[in-house]
Amino acid sequence: MKCRVCGQPASINLRSYKTALCDSDFLSFFEKRVRTTIEKYRLITEGDIPIVAVSGGKDSLSLWYLMNKLGIECDGVYIDLGIEGYSDTSLDKIKKVADALKRKVYVFRIRSVLDKGIDGLARAMKRVPCSACGMIKRYIMNRICMDKGYNVLVTGHNLDDEASALFGNVLYWKKEYLWKKDIVLEAKEGHLSKKVKPLFLCSERESAAYAIMSDIDYVYEECPFSMNAKSIIYKGMLNTLEESSPGTKLMFVKGYLRALKDMGSAGETTREEARETKYCVNCGYPTYGEKCSFCWALEKFGLHCSLKFDEYGSYSIDSERAVMT
Ligand code: Q46
Ligand code: ZN
């Protein structure tokens, strides 16, 4: 198998694009794809100060590295879930990339603020770990933007994540979530930061290949709580479809983005949107009731602390702005 661009031996076969590429041409292909996505969907524009949510995995570390390589300077934020043997290893990998990029990473340690790891916290909250984790991550990631002067939160959700979430939402017709999975979620001034997903159209396999070819050392293991997640079953089913019909996942999520665009502002108002008109009396975060789930949890555990972020690496955002080169 030869590289379609240079004719040298290919190292990756991209069946959904009916092409095969060598290392160097794959890196250019992947970078161009992400850059085009950022520009086409206006994920980041001049003057924005983005921050990347990093987990230590292939997607977020590849994205953080790639964005800085493209000239979109950005720091990182990591939430340490207090999972023994997993959270510290993840942070080590993140620090290595922070050193290589000379970027700052903020670290929020659940254990130091809420006095428990994610499993203990989930038990106390009578939720499953992923539900408690999702709530805390959404909250903390938003707060870092609000408190530290960033205006765009960048996440490493990839094509497989989006296709499986969409599949699950369609399967059970979860109308309250179905139309909330856009590639960009706009800010609500003073309450929510803008959120973007530049890897929306890039597969898990492609981001892993990008990390390996770029010598990015990432955590191979999945979070131990992900094992029972339904999303893994959906991903397996979609991979079977992809195997017999390459390009199916890409078609599925691209079709979704087109449908969202066609709906425009005429889209049905979901319950989720309706709820976001109310804001927490403590912190201003969107909520159903008086207080948001995070403030409620702090109160329940008798914690009235301000959020504390550790900082690793030295870099000041005051003098720099993201610029597309
Ligand atoms: S939600 Fe669940 Fe993930 Fe949180 S507890 Fe682990 S698997 S990290 S994307
Ligand atoms: Zn609150």
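You'll find the structure just up there.
Read on for an overview of the structure.

**Examining the environment of glycine 247**
Here is step 1 of the chain: Here glycine 247 lies in the loop between helix H10 (230-244) and helix H11 (248-263).
Here is step 2 of the chain: Judged by relative accessible area, glycine 247 falls into the buried class, the value being 13%.
Here is step 3 of the chain: Placed 232 residues apart in sequence, glycine 247 and arginine 15 show a C-alpha to C-alpha distance of 7.4 Å.

**Overview of the packing of aromatic side chains**
Here is step 1 of the chain: All chains considered together, the criterion is met by 13 aromatic pairs.
Here is step 2 of the chain: A ring pair is formed by tyrosine 139 and tyrosine 285, whose centres lie 5.1 Å apart and whose planes are at 65°; its orientation type is edge-to-face. One end of the pair, tyrosine 139, is in helix H6 (residues 129-148); the other, tyrosine 285, is in the loop between helix H12 (271-275) and helix H13 (293-300), and 146 residues separate them in sequence. By the burial criterion, tyrosine 139 is buried, and tyrosine 285 matches it.

**Regarding the coordination of the zinc ion (ligand 2)**
Angles between donor atoms at a metal ideally measure 109.5 degrees for a four-coordinate tetrahedral arrangement and either 90 or 180 degrees for a six-coordinate octahedral one.
Here is step 1 of the chain: Each protein donor to the zinc ion (ligand 2) is listed here as Cys280 (SG), Cys283 (SG), Cys292 (SG) and Cys295 (SG); together their distances run 2.2 to 2.4 Å.
Here is step 2 of the chain: Around the zinc ion (ligand 2), the four donor atoms are arranged such that angles at the metal cover 105 to 115°; this shape is classified as tetrahedral.
Here is step 3 of the chain: The sequence pattern describing where the donors of the zinc ion (ligand 2) fall on their chain is C-x2-C-x8-C-x2-C.

**Describing the packing of helix H7 (residues 159-171) against H10**
Here is step 1 of the chain: It is the contact of H7 with H10, at a shortest axis distance of 9 Å, that shows an interaxial angle of 105°. Considered as vectors, H7 and H10 are oriented roughly perpendicular to each other. Here Asp160, Asp161, Ala163, Ser164, Phe167, Gly168 and Leu171 of H7 come into contact with H10, specifically with Ser231, Tyr234, Lys235, Met237, Leu238 and Asn239.
Here is step 2 of the chain: The class makeup of the residues in the contact of H7 with H10 is six nonpolar, four polar and three charged.

**Quick look at the site of ligand 1**
Here is step 1 of the chain: Every residue lining ligand 1 is accounted for by Leu81, Cys130, Cys133, Lys137, Cys223, Phe225 and Ser226.
Here is step 2 of the chain: Looking at the shell around ligand 1, its residues break down into five nonpolar, one polar and one charged.

**Details of the pairing of strand E3 (residues 50-53)**
Here is step 1 of the chain: Alternating residues of E3 divide into Pro50 and Val52 and Ile51 and Ala53, and every residue in both groups is buried.
Here is step 2 of the chain: Pairing between E3 and strand E6 (residues 152-154): three bridges, direction parallel. Following the sheet pairing, isoleucine 51 is matched in E6 by leucine 153.
Here is step 3 of the chain: In this fold, the crossover linking E3 to strand E4 (residues 75-80) by way of helix H2 (residues 58-69) has right-handed handedness.

**A word on the pairing of strand E5 (residues 105-109)**
Here is step 1 of the chain: The element E5 is extensively covered by neighbouring structure, given that four of its five residues are classed as buried.
Here is step 2 of the chain: Pairing analysis gives five bridges linking E4 to E5, with the strands arranged parallel. Its bridge partner being in E5, isoleucine 79 is matched across the sheet by phenylalanine 108.
Here is step 3 of the chain: For the handedness criterion, the β-α-β arrangement of E4, helix H3 (residues 87-101) and E5 is classed as right-handed.
Here is step 4 of the chain: With three bridges joining them, E5 and strand E9 (residues 310-312) adopt antiparallel strand pairing. By the bridge assignment, tyrosine 106 is partnered in E9 with glutamate 311.

**Structural notes on the nonpolar core**
Here is step 1 of the chain: Counting 56 residues, the largest nonpolar core has Phe26 and Trp64 as its most contacted members.
Here is step 2 of the chain: The residues touching tryptophan 64, leaving out its near neighbours within four places in the chain, are Val52, Val54, Cys74, Asp75, Gly76, Ile94, Val97, Ala98, Leu101, Arg103, Lys104 and Val105.
Here is step 3 of the chain: With 40 residues, the next largest nonpolar core counts Ile51, Tyr86, Phe108 and Ile140 among its residues.

Parameters and conventions
- The residue count restarts for each chain, going from 1 along the sequence in the order it is written.
- Labels follow written order: the first chain is A, the first ligand is 1, and so on.
- In keeping with the model being predicted, local features are shown solely for residues with a pLDDT of at least 70 and side-chain atom pairs are shown and tallied solely at 80 or more, while totals for entire chains, interfaces and linings include all residues.
- The basis for every side-chain value is the complete set of non-hydrogen atoms in the structure, without hydrogens or water.
- Note on conventions: DSSP H or I runs of at least 4 residues are helices, E runs of at least 2 residues are strands, and numbering of each starts at the N terminus.
- Three exposure classes are used, based on accessible area relative to the maximum for each residue type with a 1.4 Å probe and protein chains only: buried under 20%, partly exposed in between, and exposed over 50%.
- Working definition: rings of Phe, Tyr and Trp (its six-membered ring) pair if their centres are within 6.5 Å, and the pair is stacked with planes under 30 degrees apart, edge-to-face with planes over 60 apart, and tilted otherwise.
- Sites may look incomplete because water is not among the atoms; the donors themselves are N, O and S atoms within 2.8 Å of the metal, or within 3.2 Å for Na, K and Ca.
- Donor angles set the geometry label: tetrahedral for four donors if every angle is between 85 and 135 degrees, square planar for four and octahedral for six if opposite donors exceed 155 degrees and the others are between 65 and 115, irregular for anything else.
- Every axis corresponds to a line fitted to the C-alpha atoms, with the helix fit spanning only the stretch in contact, and the corresponding angles, defined between N-to-C directions, vary from 0 to 180 degrees.
- Each angle gets one of four labels, with under 35 degrees taken as roughly parallel, over 145 as roughly antiparallel, 65 to 115 as roughly perpendicular, and the rest as oblique.
- Only heavy atoms enter the contact rule, under which two residues are in contact if any of them lie within 4.5 Å.
- Think of it as three bins: nonpolar holds Ala, Val, Leu, Ile, Met, Phe, Trp, Tyr, Cys and Pro, charged holds Asp, Glu, Lys and Arg, and polar takes everything else, Gly as well.
- Only heavy atoms are used to decide nearness, and a residue is near a molecule or strand if one of them lies within 4 Å of it.
- Pairs of strands are assigned from DSSP output, requiring at least two bridges between the strands.
- Look down the strands so they point away from you; if the path from the first strand over the helix to the second goes clockwise, the crossover is right-handed.
- Joining through side-chain atoms within 4.5 Å is the link that ties buried Ala, Val, Leu, Ile, Met, Phe, Trp, Tyr and Cys residues into a set, and such a set is a nonpolar core.

Everything listed here is a matter of coordinates, which is why it stays silent on function.
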